Amino acid sequence: MARTFRGRLFLGTMFPLLLVALGVGSALLELVPERILLPALAREMVDQGILIARLGTMLPEIWTDPGTAQAFLEALAIQQPTQVLLLDPKGRLLAVSPPGGFAPGDFAAGPLFERAQGGAPAWQATLRGADSDIAIDVLIPVTGEQGGRPGYVRLLRRLLDVAAGLRTARRLILGIIGIGLALSGLAALLLAQSLSRPLQQTAQAMAAAPLEGLAQTLPEAGPQEVRLLIRAFNRLQARRAQLEEARRLMLRGIVHEFGRLIGAAQAALHALQGGAAEDPALRRELLHGMSQTMVHLTRLLEDLAHAAPQGGPLPLKRQRLEPAAWLRERARAWAAAARMRGLLWQEEIPSELPCLDGDPERLAQALDNLVDNAIKFTPPGGCVTLRAGVRDREVWFQVRDTGPGIPLEERPRLFEPFYRGSQEERPGLGLGLFLARMIAEAHGGRIEVESEPGKGSAFTFVVPAAPEGREPVC
């Protein structure tokens with residue numbers, strides 16, 4: 001039972017209750033007779049004995065004449081179960097009522113007699129009789145009108161009539177404890193089942209959930225902890241579906257891109273084999289196209305290699321870089337590509353910018369990806385703007401377009417590898433933004449995104465300037 005959640009919850013609930021019930025039951029069984037019942041009976045007998053002693057002081061002869069003493073007790077008409085004895089000052093028996101059961105000379109010794117000699121009533125619970133039943137023994141010292149100690153009044157009450165009540169009380173206490181434990185056990189079992197059943201159902205549903213295809217979520221029901229577990233599972237299912245979709249898009253993109261480039265290379269090769277090699281100009285054009293195709297294939301392979309998990313940061317070949325001149329030189333090719341797509345190209349590059357310690361090829365690769373995306377997603381007649389600047393010892397490069405913008409729900413996944421969102425019909429592998437962010441982070445920088453649906457997007461590539469102590473401007 002302790003191996004299951006339900007069993008552990010049941011035992012964890014019942015074990016403390018069992019200990020408490022045993023402790024309370026034992027305490028009640030001990031305290032009721034010793035601390036409640038016996039003292040109450042003793043006080044009652046003490047009051048009765050004090051009353052008899054006061055009556056006895058009015059008849060001094062009963063403490064010297066056994067016959068008078070016996071007549072005095074008989075006149076009191078004392079009934080069982082209490083037995084009254086009159087003792088002389090030395091503790092010898094003078095009279096007893098009702099008679100029988102006690103022999104003269106049995107009462108002048110013991111701690112009870114010693115305590116009563118001090119003048120105060122004393123009592124004790126003792127064993128009496130052949131059956132060793134409990135009896136309450138009360139001794140009341142009698143004080144004469146002239147002082148002195150004419151005798152003692154002793155009351156004995158065997159608890160034969162109380163024993164049955166004690167046994168009934170014990171059975172009642174044990175019964176109440178047993179019923180309480182049974183009800184507590186039933187409640188603990190129901191509670192354990194109410195918690196374990198949703199967990200079992202959730203575990204079975206998780207085990208039956210497919211590992212491929214669309215995400216199948218579970219309804220959030222049950223206790224709060226179970227709902228949190230189901231919520232976490234649903235998030236994992238959604239993430240699994242996203243990764244599966246990314247894998248599907250990746251494979252489709254790889255097949256498309258490599259197929260397109262390899263197809264172009266094969267077409268050029270077939271043309272050369274078919275006689276185009278005899279024409280020097282055509283041969284040079286075809287060979288140049290094949291060379292460009294190989295460059296694109298090499299770039300794709302590098303992008304895929306960078307997208308794979310790595311054990312450390314992206315390796316860089318850092319050198320001193322003059323950002324303004326470097327950016328203007330790179331911008332020529334970007335401007336030509338934009339104009340070929342029917343776009344307006346604008347530049348806002350300051351004449352002086354702080355020097356950078358960076359890898360120019362990696363930086364160019366990152367900005368290539370940002371500009372390529374801006375050109376790709378801006379419709380003809382739109383505008384692409386390249387800007388640069390400096391703030392707080394950081395150099396920034398911004399590429400802004402007037403395209404459709406990025407939907408709000410797609411922004412958290414923009415930099416995931418192979419993610420292309422609602423624009424997946426466009427060519428490419430969906431690695432551009434991922435690699436751009438990797439390059440920015442490798443330089444100790446970041447990429448900031450601003451976008452408004454219908455009004456375009458702006459990607460800002462930020463890298464730290466060269467450390468203090470060098471020329472601030474190149």
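A brief structural summary. None of these values were measured; they are calculated from a predicted model. (Residues numbered from 1 in each chain as written. Predicted model: local features only at pLDDT ≥ 70, side-chain atom pairs only at ≥ 80, totals over all residues. Heavy atoms only, no water.)

Let's shift gears to the overall build of the protein chain. Along its length, the protein chain carries 9 helices and 12 strands. Considering only residue pairs separated by 6 or more positions, the protein chain has 64% of its internal contacts joining residues 24 or more positions apart. When the accessible surface of the protein chain is split by element, carbon and sulfur atoms take 59% of a total near 26,600 Å². (Helix = DSSP H or I, 4+ residues; strand = E, 2+ residues; numbered from the N terminus. Contact = heavy atoms within 4.5 Å. Areas by Shrake-Rupley, 256 points an atom, 1.4 Å probe, with all protein chains shown as cover.)

With that out of the way, let us pick up the packing of helix H7 (residues 323-340) against helix H8 (residues 360-377). H8 packs onto H7 with a crossing angle of 30° between their chain directions and a minimal axis gap of 11 Å. As summarised for this structure, H7 and H8 are arranged roughly parallel, according to the angle between their axes. Where H7 crosses over H8, the two elements pack in a sense that is right-handed. Taken together, the residues of H8 that come into contact with H7 (itself represented by Trp326, Leu327, Arg330, Trp334, Ala337 and Ala338) are Pro360, Glu361, Leu363, Ala364, Leu367, Asp368, Val371 and Ile375. Looking at the contact of H7 with H8 residue by residue, the class counts come to 11 nonpolar, no polar and 3 charged. (Axes fitted to C-alpha atoms, helices over the stretch in contact; angles between N-to-C directions. Parallel < 35°, antiparallel > 145°, perpendicular 65-115°, else oblique. Left-handed = near helix turned anticlockwise from the far one by under 90°. Nonpolar A, V, L, I, M, F, W, Y, C, P; charged D, E, K, R; others polar.)

Across 7 bridges, the pairing between strand S11 (residues 446-452) and strand S12 (residues 456-464) is antiparallel. The residue of S12 that forms the bridge with Glu450 is Ala458. Once S11 ends, the chain turns through 3 residues before running back antiparallel as S12, passing Gly454 with a positive phi of about 90°. (Pairing = 2+ DSSP bridges.)

Across the chain, the bulk of peptide bonds are trans and the bulk of non-glycine residues have phi less than zero. Here the bond from Ser97 into Pro98 is cis, since omega is -10°, no more than 30 degrees from zero. Structurally, Pro98 can be placed in the loop between strand S2 (93-97) and helix H3 (111-116). We note that Asp392 has phi near 50°; this positive angle belongs to a residue other than glycine. Position of Asp392 relative to the elements: it lies in the loop between strand S9 (383-391) and strand S10 (394-401).

Before going further, it helps to examine the environment of Pro467. Following the sequence through the fold, Pro467 ends up in the segment after S12. A relative accessible area of 48% means that Pro467 is categorised as partly exposed. A C-alpha to C-alpha distance of 8.4 Å links Pro467 and Asp357, two positions 110 residues apart in sequence. Among all residues touching Pro467, those that are not within four sequence positions of it are Asp357 and Arg393. (Buried < 20%, exposed > 50% of the residue type's maximum accessible area, 1.4 Å probe, protein only.)

Moving on to the packing of aromatic side chains. Inspection of every chain in the model, using the stated rule, returns 2 aromatic pairs. Ring geometry for Phe113 versus Tyr152: centroids 5.0 Å apart, planes at 50°, classification tilted. Placement of the pair is Phe113 in helix H3 and Tyr152 in strand S5 (residues 151-158), with a sequence separation of 39 residues. Considered together, Phe113 and Tyr152 belong to a single accessibility category, that of buried residues. Each ring, one from Trp326 and one from Phe397, has its centre 6.1 Å from the other, and the planes form 65°; the classification is edge-to-face. Here the residue Trp326 occupies a position in helix H7, and Phe397 occupies one in strand S10, the gap between them amounting to 71 residues. Trp326 gets classed as buried once you look at its relative accessible area, which sits at 9%. Given a relative accessible area of 1%, Phe397 falls into the buried group. (Phe/Tyr/Trp six-rings, centres within 6.5 Å; stacked < 30°, edge-to-face > 60°.)

A few words now on a nonpolar patch on the surface. A cluster of nonpolar side chains, contributed by Leu51, Leu55, Met58, Leu59 and Leu76, occupies part of the molecular surface with about 430 Å² of accessible area. As for its placement among the helices and strands, Met58 is situated in the loop between helix H1 (5-57) and helix H2 (66-76). Using a relative accessible area of 60% as the deciding quantity, one classes Met58 as exposed. (Patch = residues over 30% accessible without salt bridge, like charges linked within 9 Å, V, L, I, M, F, W, Y side chains within 5 Å. Salt bridge = Lys/Arg side-chain N within 4 Å of Asp/Glu carboxyl O.)

With that settled, consider H2. Listed in full, the buried residues belonging to H2 are Ala69, Gln70, Phe72 and Leu73. Looking down the long axis of H2, one finds its buried residues gathered within 155° of arc, a one-sided arrangement. What points out from H2, more than 90 degrees from its buried face, is the exposed set Glu74 and Ala75. The opening residue of H2 is Asp65, an N-cap whose side-chain oxygen sits 3.2 Å from the backbone nitrogen of Gly67. Following H2 by one or two positions, Ala77 adopts a phi angle in the positive range, close to 55°. (Arc of directions from axis to C-beta. Polar contact = N/O pair within 3.5 Å; in protein donor to acceptor, adjacent residues only side chain to side chain.)

Let's shift gears to helix H9 (residues 432-442). With 9 of 11 residues buried, H9 is to be regarded as a mostly interior element. Listing the buried residues of H9 in full gives Gly432, Leu433, Phe434, Leu435, Ala436, Met438, Ile439, Ala440 and Ala442. Once H9 finishes, Gly444 follows within two positions and takes phi at roughly 80°, a positive value.

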